[in-house]
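Here is how the chains run, residue by residue.
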Amino acid sequence: MSAFDSGLFSPPGGFSVRIMDLSGGNGADPVETIGGFLTLEHANSFARRYVRDSMERCRTRGMRPDAVIAAWFAYGEDAEVVGGAEQAWRSAAELNDFAARPPGNAEDRNWRALDPRRDADDEAAEEEE
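Residues numbered from 1 in each chain as written. Predicted model: local features only at pLDDT ≥ 70, side-chain atom pairs only at ≥ 80, totals over all residues. Heavy atoms only, no water.

A.B. asks: I keep staring at the overall build of the protein chain and nothing clicks. Help me out?
C.D. replies: Along the protein chain, the regular secondary structure elements total four helices and three strands. Its helices and strands taken in sequence order, the protein chain reads β-β-α-α-β-α-α from the N to the C terminus. A buried classification covers 36% of the 129 residues belonging to the protein chain. Counting only contacts in the protein chain whose residues sit at least 6 apart along the sequence, the fraction spanning at least 24 positions is 67%. (Helix = DSSP H or I, 4+ residues; strand = E, 2+ residues; numbered from the N terminus. Buried < 20%, exposed > 50% of the residue type's maximum accessible area, 1.4 Å probe, protein only. Contact = heavy atoms within 4.5 Å.)

A.B. asks: So what exactly am I meant to see when it comes to the environment of Gly13 here?
C.D. replies: Positionally, Gly13 belongs in the segment before β1 (15–21). C-alpha of Gly13 to C-alpha of Leu38: the two residues are 25 residues apart in sequence and 7.6 Å apart in space.

A.B. asks: Can you walk me through the nonpolar core in this structure?
C.D. replies: Nonpolar side chains in soluble globular proteins generally cluster together in the buried interior. Ranked by internal contacts, the top residues of the largest apolar core, which has 26 residues, are Val17, Phe46 and Met55. Those elements that provide at least two residues to this core are β1, β2 (32–37), α1 (40–58), α2 (65–75), β3 (77–82) and α3 (95–100). Considering every element that reaches this core, the biggest residue donor is α1, with eight residues. In contact with Met55, not counting residues within four places along its chain, are Val68, Ile69, Trp72, Leu95, Phe98 and Ala99. (Core = buried A, V, L, I, M, F, W, Y, C linked by side-chain atoms within 4.5 Å.)

A.B. asks: Please explain the sheet that holds β2 as it appears in this structure.
C.D. replies: One key point about sheets: their strands pair by backbone hydrogen bonds, in either a parallel or an antiparallel sense. Spatially, the three strands line up as an open sheet ordered β2-β1-β3, and their pairing is antiparallel. The two strands at the open ends of the sheet, each matched to only one other strand, are β2 and β3. Neighbour-to-neighbour, the strand axes of the sheet open up by a mean angle of 20°, direction not taken into account. Where β1 and β3 come together, six bridges link them in antiparallel fashion. Following the sheet pairing, Val17 is matched in β3 by Val81. (Pairing = 2+ DSSP bridges. Axes fitted to C-alpha atoms, helices over the stretch in contact; angles between N-to-C directions.)

A.B. asks: Any chance you could explain the confidence of the model for the protein chain here in plain terms?
C.D. replies: Reading fine detail from the predicted coordinates is not recommended where pLDDT is low. The pLDDT averaged across the protein chain works out to 87; a share of 82% of its residues lies at or above 70. In this model, residues 1–6 is a region of pLDDT below 50 whose contacts with residues beyond four sequence positions or in other chains number five contacts. (pLDDT = per-residue confidence, 0-100.)

A.B. asks: Help me understand the packing of α1 against α2 in this model?
C.D. replies: The relative placement of two packed helices comes down to the angle between their axes together with the axis-to-axis distance. Packing of α1 against α2 brings their axes to within 8 Å, and their N-to-C directions diverge by 105°. Compared by their axis directions, α1 and α2 come out roughly perpendicular. Residue-level inspection shows Val51, Ser54, Met55 and Cys58 of α1 in contact with α2, the latter providing Val68, Ile69, Ala71, Trp72 and Tyr75. In terms of residue class, the contact of α1 with α2 is made up of eight nonpolar, one polar and no charged. (Parallel < 35°, antiparallel > 145°, perpendicular 65-115°, else oblique. Nonpolar A, V, L, I, M, F, W, Y, C, P; charged D, E, K, R; others polar.)

A.B. asks: Is there a simple way to explain the pattern of salt bridges in this structure?
C.D. replies: Opposite charge on two side chains lets them pair, provided their charged atoms get close. One pass over the structure, following the stated rule, counts twelve salt bridges. We note a salt bridge from Glu94 to Arg48, for which the minimum N-O separation is 2.7 Å. Taken together, the residues span a long stretch of sequence, with Glu94 in the loop between β3 and α3 and Arg48 in helix α1 at a distance of 46 residues. Take Glu94: its relative accessible area is 17%, and that puts it in the buried class. In this structure, Arg117 and Asp115 form a salt bridge, with 2.5 Å as the shortest nitrogen-oxygen distance. Residue classification places Asp115 among the buried residues on the basis of a relative accessible area of 7%. (Salt bridge = Lys/Arg side-chain N within 4 Å of Asp/Glu carboxyl O.)

As structure tokens, this is what we get:
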């Protein structure tokens, strides 16, 4: 946790994002819960990019938007922001748009750049030096 995390913009420990496997392998349980998002905007951006990337991994050349959505529901992963109430991003709001329009650039799918676990890995590496 950052020295600047006063809880002013997030609950103690930050917001979390649950990753859900839509293929049914885990039932209704999340595959993983990622914590440490210090703002709701950070959690929302991560979740949005994660779902966008998952949908693109389900897309093949020439697929119609309805087929992209069907493939995502069969094989993809959804992301759910925990603790954001009505302000939390929800995939249902953008699925049709994602399916109809592939992303304009790679950054739209780059959830790894927003992953708070990267910060923890960077801090651990600095402590080892």
